[in-house]
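Each chain, written out:
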Amino acid sequence: MDIQEAKIRIEELRAQLKYHNEKYYNDDAPEISDFEYDMLGRQLRFLEAEFPSLVSADSPTQRVGGVADRLFTPVKHSVKMESLLDAFSFDELNAFDNRVKDSVGNTTYSVEPKIDGLSVSLEYENGRFVRGSTRGDGQTGEDVTANLLTIESIPKAISFTGALEVRGEVYMSREAFLDLVNRQELLGEQPAKNPRNAAAGSLRQKNSKVTAERKLDIFVFNIQRIEEKQLSSHIESLDFLKSLGFSVLPTYKKCYNMSEVITEIERIGNSRGDLPFDIDGAVIKVDNFALRDEMGSTSKYPKWAIAYKYPPEEKETKLLNVEINVGRTGALTPTAEFEPIGLAGTTVSRAVLHNEDFIREKDIRIGDIIVVRKAGDIIPEVVCVKEHSKDSKPFVMPHICPSCNGPVFREEGEAVLRCTNAKCPAQMLRHLIHFTSRDAMDIEGLGPAVLEQLTDAGLIKDITDLYTLTAEDILSLDRKGEKSASNMILAILKSKENPLSRLVFALGIRHIGQKAAKLAAEKFKTMDNLQSATKQDFESIDGFGSILAESIAEFFSLDSTAQMIEKLKDLGLNMTEPDNTIDNRFEGMTFVLTGTLPTYSRQEASAIIESFGGKTSSSVSKKTTYVLSGESSGSKLDKANALGIEVIDETKFNEMIK
């Protein structure tokens with residue numbers, strides 16, 4: 001390859017890596033596997049080493065991939081939070097060992113599991129936890145102190161009173177991850193792809209209550225900065241952190257040569273399946289701090305450490321069947337059932353096949369020999385078909401719902417088939433969970449586990465049955481006392497008073513979220529008006545497109561919907577939207593909120609704007625009247641300035657609403 005060809009390929013690789021960095025670090029939504037990403041980076045490093053004149057300061061090989069999100073206050077790290085160079089073979093580890101010997105001679109190493117999570121810094125002053133931040137780009141991260149305070153294993157006070165900054169990895173255990181995925185699937189939400197992304201997304205929530213519900217945990221693995229105490233080695237520092245009450249890595253071992261290092265890496269790899277959390281490799285570090293200082297770092301990596309990445313494990317097995325499951329929104333999801341195989345330390349026999357297009361692209365047929373791996377060592381996935389069975393036929397999705405035998409359809413532009421029967425038994429539990437959730441009817445105490453008990457006992461067959469429950473019904477459930485039964489009944493009765501907009505959202509109409517439900521309820525005011533509205537009527541709502549209008553109009557045109565609403569009326573549910581308008585000073589105006597306001601939450605500010613006849617929007621456009629901007633405003637502020645839209649702060653806003 002000549003230098004011109006190398007330049008073209010390097011630019012391609014940099015563009016791909018920058019895109020995937022954004023998806024991984026900032027969106028918490030990776031589109032390729034860690035192994036595929038690592039291979040792209042490896043190819044770029046090789047080409048840059050061969051053609052050093054093509055290396056640039058903004059190359060992904062020269063910097064950590066994340067950036068501080070403008071939703072959070074930026075934190076400048078006093079000590080750079082570096083990344084690690086990856087190794088994929090023992091030959092590369094031996095080469096690392098030779099580089100260390102050439103630099104500082106023979107030395108000892110520490111070996112520890114590489115936790116797959118989100119790296120954070122924890123700062124302590126006078127024995128108190130004062131601030132926590134994400135790694136970001138290594139130099140500037142995000143202040144997520146409030147969310148880190150919800151993690152029980154982070155000590156809020158320690159006996160050491162000197163200044164201390166430690167680095168840890170926030171993670172989600174496999175059990176907590178699978179619980180989260182199950183809840184997301186029950187609610188018809190897009191499930192998290194792996195524990196790392198689930199942990200990252202949970203830690204970067206604006207609402208710390210959501211973070212607290214996600215059961216995050218942390219392992220502390222490094223001292224970034226310490227005053228008033230001398231430590232000479234990494235092993236000694238971990239022992240010290242452990243004595244202070246930090247949750248340190250479950251295993252860390254001192255090794256006296258590379259042979260011992262490799263033996264420990266193999267031991268850690270063989271025990272992956274027994275761990276309650278996900279790891280993606282093992283970390284090898286020079287143990288002695290003085291030698292680390294002597295070796296130093298590159299612009300991105302420390303020269304005294306390396307991460308060994310375990311290769312993805314793939315195995316062949318026979319596809320026995322394709323089971324069809326029905327979700328809350330009626331989506332038919334195919335799941336592969338295959339002969340059990342051992343992967344990453346556990347036995348697996350099922351893998352989601354996503355949709356008909358996925359099956360068609362891979363030409364998956366019952367009886368095939370398929371290749372299966374675990375994405376992120378957690379979620380089994382079908383990689384490809386190795387061999388078709390004799391006389392096999394292409395798999396065809398059913399034309400009727402396997403749960404209720406109702407018709408199924410595919411919307412234009414979608415890959416998913418859906419059941420149209422609102423009373424489909426397979427969808428009922430998911431409907432109930434959504435109906436009772438916090439943003440819908442907000443019936444406290446009726447969580448997924450209780451609702452499952454009620455449906456299994458035959459006490460609830462549809463949402464109207466919620467309002468005929470008695471305390472005796474709840475007492476008949478396992479481990480339910482009189483007080484909890486009484487509280488649940490009171491919560492159910494209280495939910496009858498909710499405004500129409502909450503009920504519309506709770507009904508789980510496809511495409512209709514909280515915002516759309518509120519717009520529809522405010523436009524038509526009563527349930528009777530909603531039921532008699534046409535698609536054209538809904539399209540007249542500012543903010544509604546044809547897809548939303550068609551979906552809500554079709555829902556209210558169904559006989560099953562009319563029967564359900566009539567029952568809810570008879571049971572005493574509120575069917576009107578209150579008029580909270582104080583006056584119409586903001587009539588015809590659209591506000592966009594960005595950043596963190598000093599005293600109002602976004603929900604509170606939006607309610608005030610609407611009470612004066614105004615509207616709020618999530619995006620800036622030429623139709624925007626004002627942008628209400630707070631601290632750490634993001635791209636919306638930039639766009640407002642570019643379009644010449646007036647930007648106001650909370651002080652100006654308070655003057656406007658006097």
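Placed above this text is the structure.
Because the structure is predicted, anything quoted here is derived from the model rather than measured.

## Thoughts on the overall build of the protein
Right, so step 1: Summing up its helical and strand segments, the protein has 24 helices and 22 strands in all.
Right, so step 2: For a compact globule of 658 residues, the expected C-alpha radius of gyration is about 26 Å, and the protein comes in at 28 Å, within 12% of that figure.
Right, so step 3: When the backbone C-alpha atoms are referred to their principal axes, the protein occupies close to 85 × 75 × 65 Å.
Right, so step 4: Within the protein, the fraction of its 658 residues that count as buried is 48%.
Right, so step 5: Within the protein, one finds 81 positive and 102 negative side-chain charges whose respective centroids are separated by 1 Å.

## Observations regarding the side chain of Glu650
Right, so step 1: Summarising the element assignment, Glu650 is placed in helix H24 (residues 650-656).
Right, so step 2: This buried residue, Glu650, is left without a salt bridge; Arg602 holds the nearest opposite charge, at 11 Å.
Right, so step 3: Excluding its chain neighbours within four sequence positions, the residues that come into contact with Glu650 are Leu597, Pro598, Thr599, Tyr600 and Leu628.

## A word on helix H15 (residues 482-495)
Right, so step 1: When the terminal C-alpha atoms of H15 are compared, their 20 Å separation across 14 residues agrees well with the 20 Å that a helix rising 1.5 Å per residue should span.
Right, so step 2: When H15 is considered as a whole, its buried residues turn out to be Ala485, Met488, Ile489, Ala491, Ile492 and Ser495. For H15, the buried positions fall inside an angular range of 160° around the axis, keeping them on one side. Facing away from the buried surface of H15 by more than 90 degrees, the exposed residues are Glu482, Lys483, Leu490 and Lys494.

## A closer look at the nonpolar core
Right, so step 1: Of all hydrophobic cores here, the largest spans 69 residues; its most connected members are Leu93, Leu122, Leu148, Leu164, Phe246, Ile265 and Ile284.
Right, so step 2: In terms of residue count, the dominant contributor to this core is strand S8 (residues 216-226) (six residues).
Right, so step 3: With 54 residues, the next largest nonpolar core counts Ala440, Leu503, Ala506 and Leu519 among its residues.

## Concerning the packing of aromatic side chains
Right, so step 1: This structure, assessed with the given rule, holds 18 aromatic pairs.
Right, so step 2: When the ring of Tyr124 is compared with that of Phe246, the centres are 5.4 Å apart and the planes differ by 85°; the resulting orientation is edge-to-face. Of this pair, Tyr124 sits in strand S4 (residues 118-125) while Phe246 sits in the loop between helix H8 (234-243) and strand S9 (253-255); the two residues are 122 residues apart in sequence, bridging distant segments of the chain.
Right, so step 3: Overall, Tyr124 belongs to the buried group, its relative accessible area being 1%.

## Here we look at the sheet that holds strand S20 (residues 615-617)
Right, so step 1: Read across the open sheet, the four strands follow the order S20-S19-S21-S22; overall the sheet is parallel. Two strands close off the open sheet at either side, each with one partner strand: S20 and strand S22 (646-648). Geometrically, the sheet is characterised by an average inter-axis angle of 35° between neighbouring strands, direction not taken into account.
Right, so step 2: In the sheet, strand S19 (residues 590-594) pairs with strand S21 (residues 626-629) via four bridges, with the strands oriented parallel. Paired with Phe591 across the two strands is Tyr626, which belongs to S21.
Right, so step 3: Sitting on the sheet, helix H22 (residues 602-611) is in contact with S19, S20 and S21, with an inclination near 170° to S19.

## Let's talk about the pattern of salt bridges
Right, so step 1: Going through the model one piece at a time under the given rule, you end up with 28 salt bridges.
Right, so step 2: One salt bridge connects Lys101 with Asp97, and the closest N-O pair in it is separated by 3.3 Å. Within this pair, Lys101 and its partner Asp97 are both found in helix H3 (residues 90-104), separated by four residues, close to a single helical turn.
Right, so step 3: Since its relative accessible area comes to 38%, Lys101 is described here as partly exposed.
Right, so step 4: For Asp97, a relative accessible area of 7% puts it in the buried group.

## Focus: the pairing of S8
Right, so step 1: For S8, the tally of buried residues reaches eight of 11 residues, placing the bulk of the element in the interior.
Right, so step 2: Pairing of strand S7 (residues 164-172) with S8 involves nine bridges; the strand directions are antiparallel. Residue pairing across strands places Glu165 opposite Arg225, the latter belonging to S8.

## Observations regarding unusual backbone geometry
Peptide bonds are mostly trans, and most non-glycine residues show a negative phi.
Right, so step 1: Phi at Asn405 takes a positive value of approximately 65°, unusual for a residue other than glycine.
Right, so step 2: In this structure, Asn405 sits in the loop between strand S16 (379-387) and strand S17 (408-410).
Right, so step 3: By relative accessible area, which is 56% here, Asn405 ends up exposed.
Right, so step 4: For Lys525, which is not glycine, the phi torsion reads 70° and is therefore positive.
Right, so step 5: Positionally, Lys525 belongs in the loop between helix H17 (514-524) and helix H18 (527-532).

## Remarks on the environment of Lys242
Right, so step 1: Of note, Lys242 is situated in helix H8.
Right, so step 2: Among the residues examined, Lys242 registers a relative accessible area of 52% and is labelled exposed.
Right, so step 3: When the C-alpha positions of Lys242 and Val220 are compared, they lie 9.0 Å apart, and in sequence the two are 22 residues distant.
Right, so step 4: When sequence neighbours within four positions are dropped, the list of residues in contact with Lys242 reads Val248 and Tyr252.

## Some details on the sheet that holds S9
Right, so step 1: Reading across from one edge, S2-S11-S10-S3-S9 is the order of the five strands in this open sheet, with mixed pairing throughout. The sheet terminates laterally at strand S2 (86-87) and S9, the two strands that pair on one side only.
Right, so step 2: Contacts from H3 reach S2, strand S3 (109-115), strand S10 (279-286) and strand S11 (305-309) within the one sheet, and its direction differs from that of S11 by about 175°.
Right, so step 3: Strands S3, S9 and S10 of the sheet are contacted by H8, whose axis makes an angle of about 55° with S3.

Rules and cut-offs
- Residues numbered from 1 in each chain as written.
- Predicted model: local features only at pLDDT ≥ 70, side-chain atom pairs only at ≥ 80, totals over all residues.
- Heavy atoms only, no water.
- Helix = DSSP H or I, 4+ residues; strand = E, 2+ residues; numbered from the N terminus.
- Rg over C-alpha atoms; globule rule 2.2 N^0.38 Å.
- Buried < 20%, exposed > 50% of the residue type's maximum accessible area, 1.4 Å probe, protein only.
- Lys, Arg positive; Asp, Glu negative; His and termini not counted.
- Charge placed at Lys NZ, Arg CZ, Asp CG, Glu CD.
- Salt bridge = Lys/Arg side-chain N within 4 Å of Asp/Glu carboxyl O.
- Contact = heavy atoms within 4.5 Å.
- Expected span 1.5 Å × (residues − 1).
- Arc of directions from axis to C-beta.
- Core = buried A, V, L, I, M, F, W, Y, C linked by side-chain atoms within 4.5 Å.
- Phe/Tyr/Trp six-rings, centres within 6.5 Å; stacked < 30°, edge-to-face > 60°.
- Pairing = 2+ DSSP bridges.
- Axes fitted to C-alpha atoms, helices over the stretch in contact; angles between N-to-C directions.

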